[in-house]
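# Descriptive structure summary
Residues per chain are reported as follows:
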Amino acid sequence: MAEITIAQAFTEALAHHQAGRLNKAEGLYRAILATDPKHSDCLHLLGVIAIQVRRFDIAVQLINEALTHHKMAPYYSNLATALLNLGRAEESIAACEQALLVDPSHADAELNRGTALMALGKIDEAAACFRQAIALRPLFPLAHINLGNALQRQGWFAIAADHYRAALQMNPNLAEAHAYLGTALQEQGKGTEAEYHERQAIRINPDFAQAHGNLSLMLQQRGEIEGSIAFAREAIRLSPDLAEAHLTLGLSLLLDGQLAEGWREYEWRWRVNRAPFTNRGFTQPQWTGQALGKRVLLVHGEQGLGDAIQFVRYVPLVASGAKVVLEVAPILVPLFKQLPVEVIGVGEKLPRFDMHCPIISLAAAFKTTSLTIPHKIPYLKADPDKVAIWRDRVADLPGKRVGIAWAGAKNHPRDRYRSIALDRLIWLAGLPEISFVSLQKGEAAEQIKTAPPGLTLHDWTD
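Below is a summary of the structure that appears in this document. This one's a predicted model, so the numbers in the text were calculated from it and none came from an experiment.

### Some thoughts on the overall build of the protein chain
On a plain count of helices and strands, the protein chain comes out with 21 helices and seven strands. For 462 residues, the compact-globule formula gives about 23 Å, and the C-alpha radius of gyration of the protein chain, at 29 Å, lies well above that figure. Projecting the C-alpha coordinates of the protein chain onto the three principal axes gives extents of approximately 100 × 60 × 40 Å. In the protein chain, which comprises 462 residues, the proportion classed as buried is 44%.

### As for the layout of surface pockets
By volume, the second largest pocket is sized at about 860 Å³. For the second largest pocket, the lining is made up of 27 residues, of which T81, N85, N112, T115 and L142 are closest to its centre. Of all the elements in the fold, those that place two or more residues in the lining of the second largest pocket are α3 (40–52), α5 (73–85), α7 (107–119), α9 (141–153) and α11 (175–187). The greatest single-element share of the lining of the second largest pocket, amounting to seven residues, is contributed by α5. Of the residues in the lining of the second largest pocket, the class split is 13 nonpolar, 11 polar and three charged.

### Structural notes on the pattern of salt bridges
Taken as a whole and judged by the stated rule, the model has 21 salt bridges. The salt bridge partner of E26 is R30, with a shortest N-O separation of 3.1 Å. Linking E26 with R30, this pair stays in helix α2 (residues 22–35), spanning four residues, or about one helical turn. Residue classification places E26 among the partly exposed residues on the basis of a relative accessible area of 26%. Among the charged side chains, a salt-bridge network with shared partners connects E195, R199, R222 and E224.

### Observations regarding the packing of aromatic side chains
The tally for this structure, following the rule as stated, stands at eight aromatic pairs. Ring centres of Y164 and Y180 lie 6.1 Å apart, and the angle between their planes is 40°; this geometry places the pair in the tilted category. Residue Y164 is found in helix α10 (residues 157–170), and its partner Y180 is found in helix α11; the two are separated by 16 residues along the sequence. The pair Y164 / Y180 is uniform in exposure class, with both members buried. Centre to centre, the rings of F282 and F353 are 5.3 Å apart; their planes meet at 80°, and the pair counts as edge-to-face. Taken together, the positions of F282 in the loop between α16 (259–266) and β1 (296–300) and F353 in the loop between β3 (342–345) and β4 (355–358) put the pair 71 residues apart, joining distant regions of the chain. An aromatic cluster is defined as three or more aromatic residues linked by ring pairs; in this entry it consists of W263, W287, F311, Y314 and F366. The positively charged end of R137 is found above the aromatic ring belonging to F140, 4.1 Å away from the centroid.

### Describing the pairing of β4
Looking along a regular strand, one sees the side chains alternate between the two faces of the sheet. Along β4, one buried face is formed by M355 and C357 and the opposite face, lined by H356 and P358, is buried too. Where β1 and β4 come together, four bridges link them in parallel fashion. Within the sheet, the bridge partner assigned to L298 lies in β4 and is H356.

Criteria and thresholds
Residues numbered from 1 in each chain as written. Predicted model: local features only at pLDDT ≥ 70, side-chain atom pairs only at ≥ 80, totals over all residues. Heavy atoms only, no water. Helix = DSSP H or I, 4+ residues; strand = E, 2+ residues; numbered from the N terminus. Rg over C-alpha atoms; globule rule 2.2 N^0.38 Å. Buried < 20%, exposed > 50% of the residue type's maximum accessible area, 1.4 Å probe, protein only. 1 Å grid on protein atoms, 1.4 Å probe; cavity = no way out; pocket = protein on both sides within 12 Å on 5 of 7 lines; lining within 4 Å. Points joined across faces, edges and corners; volume = space filled by probe spheres on them. Nonpolar A, V, L, I, M, F, W, Y, C, P; charged D, E, K, R; others polar. Salt bridge = Lys/Arg side-chain N within 4 Å of Asp/Glu carboxyl O. Phe/Tyr/Trp six-rings, centres within 6.5 Å; stacked < 30°, edge-to-face > 60°. Lys NZ or Arg CZ within 6 Å of the ring centre and 35° of its normal. Pairing = 2+ DSSP bridges.

Here it is, written out as structure tokens:
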């Protein structure tokens, strides 16, 4: 193939590639390489095609071969993309740094470096990379989207929304920008506007599984359970391993009373990779209801204190025929000591055990339906000595004695939906024949010092 013919063939191949005709482009690239095996642009672009068809291992081989002939910033940048998709984030960052050594103005390399840093949980560093990418190329919608995602991870939802809107000003048909803007707006309590953008994302790209999942979660939070289930199922059809959609579906099915399938779907919580669903990584298998015989079962608490208090009702059922160790937050140990099992606090050395089960998964293990929820009440009893102390302590309070708490832990991801400030309860001030007793713990208890006038709270929480 003559040099001019190679040039013409490469131009034609590039046109096919840019038009999405990958097979024709690949055929021409390979024909060129048969004549010129060191044609680095063909090797690189074959690697790019491999990325596009998700053959990342082949992409790494091809682009590395191209780099043996020419050290080009785009080569390194695309190598970084392939490496990151193979889970090799550190190597991806190194490739981006090589690209920036070759060309410090290469915005794509900054974008890819930020993406790899995000994968490593280094959000501040990632955000700095995305900002630098925007500084290098102001009209860079993908960098604005990624910066918005980093800001959302940091809780800066309003600023994140500004970056998604900036991306949409550059291209109104970016489904990803609409979808992520929807989540940022939802976090700000702007549900109607959030739903609009999720539906826009689906209109632009009907196969965008994450947008279907986002809309499912929004409908669930509004109590529109039937719609939530439908959109979650569509998200899963489009992306069967989308853990967030499975989790949303599980919760919506449970809310709808479809417990059997709901519990199964709720097991996907261990794959969403975010708090409060922290997989303990035990090598022992999870118990799913099979006979235990002489094996020792570790039941371990998860999520909040209330979850453990609710689901500990299952522990005596397991313990009736097996050896059980119950591990919970240390503050719950005194309350659970009355159960017929060994109770230890988180942080204590675990004894030997053969199988484990997260405490909420006990419901799935027992194949719980609405008719079989354990209802032997009470399954927990207060310490008689503490009852006596408190009976004496509140004995002289006039009228009805009402315990009150107004806030949960601030680090809960949805705390703003469940906690209020004490001054919002000013309407309780001056109600006759009622004595209010504070049950509030933690930082919010400090609000008692500035309680609304007339709202008297008896406080023994110390």
